[in-house]
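Overview (structure and organization)
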Amino acid sequence: HIQRIKRIRKLMDARGDRRILIGAVAGGSVDKNVRQYAHDNGLYVLVQSGDAAELAELPQDFSPAQFLPAAPPAAQHG
């Protein structure tokens, strides 16, 4: 999933889209180990809650991964 986000980031860069991406995964039932792996990699986890989805509890040290735009090309001085 992280590789997919990185591919999307590259496509956005090619189009000049400078927005910052963050990632999330979702599931009806998410195992504790899977949730921990996602959080360790900076991804939010959405879990089913009745007819809706909610954000899974975040660890205290959670820091979301940010998929930043590529640096713009350096200006040519001439």
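Residues numbered from 1 in each chain as written. Predicted model: local features only at pLDDT ≥ 70, side-chain atom pairs only at ≥ 80, totals over all residues. Heavy atoms only, no water.

Here we look at the nonpolar core
- Residues Ile-5, Met-12, Leu-21, Val-30, Ala-38, Leu-43, Val-45, Val-47, Ala-56 and Phe-67 constitute the largest nonpolar core, which totals 10 residues.
- Sorting the residues of this core by element identifies helix H1 (2-14) and strand E2 (44-49) as the ones contributing at least two each.
- Contacts of Phe-67, omitting those with residues within four sequence positions, involve Ile-2, Ile-5, Lys-6, Arg-9, Arg-19, Ile-20, Leu-21, Ile-22 and Gly-23. (Core = buried A, V, L, I, M, F, W, Y, C linked by side-chain atoms within 4.5 Å. Buried < 20%, exposed > 50% of the residue type's maximum accessible area, 1.4 Å probe, protein only. Helix = DSSP H or I, 4+ residues; strand = E, 2+ residues; numbered from the N terminus. Contact = heavy atoms within 4.5 Å.)

A look at the sheet that holds E2
- In spatial order, the strands read E1-E2-E3; together these three strands make up an open sheet with mixed pairing. A single partner strand is all that each edge strand has here, and the edge strands are strand E1 (24-27) and strand E3 (52-55). Strand-to-strand twist across the sheet, computed as the mean angle between neighbouring axes with direction ignored, equals 30 degrees.
- As defined by bridge partners, E1 adjoins E2 across four bridges and the pair is classed as parallel. The residue bridging Ala-24 from the neighbouring strand is Tyr-44, located in E2. (Pairing = 2+ DSSP bridges. Axes fitted to C-alpha atoms, helices over the stretch in contact; angles between N-to-C directions.)

Focus: the pairing of E2
- Where the polypeptide runs from E1 across helix H2 (residues 32-40) and back to E2, its parallel neighbour, the crossover connection is right-handed.
- What sits between the antiparallel neighbours E2 and E3 is a turn of two residues, in which Gly-50 has the positive phi angle 65 degrees. (Right-handed = clockwise from strand over helix to strand, strands pointing away.)

A short note on the pattern of salt bridges
- Counted by the stated rule, this structure contains two salt bridges.
- The salt bridge involving Asp-17 is made with Arg-19; its shortest N-O contact spans 2.6 Å.
- The exposure class assigned to Arg-19 is exposed, which follows from its relative accessible area of 57%. (Salt bridge = Lys/Arg side-chain N within 4 Å of Asp/Glu carboxyl O.)

Some details on H1
- Counted at 1.5 Å a residue, the expected span for H1 with its 13 residues is 18 Å, and the 19 Å between its end C-alpha atoms agrees.
- Among all positions of H1, only Ile-5, Arg-9 and Met-12 are buried. All buried residues of H1 lie within an arc of 65 degrees about the axis, which places them on one face of the element. Summarising the geometry of H1, the exposed residues directed more than 90 degrees from the buried face are Gln-3, Arg-7, Lys-10, Leu-11 and Ala-14. (Expected span 1.5 Å × (residues − 1). Arc of directions from axis to C-beta.)

Topic: H2
- You can read the cap of H2 off the contacts: a side-chain oxygen lies 3.0 Å from the backbone nitrogen of Asn-33, and it is on Asp-31.
- Once H2 finishes, Gly-42 follows within two positions and takes phi at roughly 80 degrees, a positive value. (Polar contact = N/O pair within 3.5 Å; in protein donor to acceptor, adjacent residues only side chain to side chain.)

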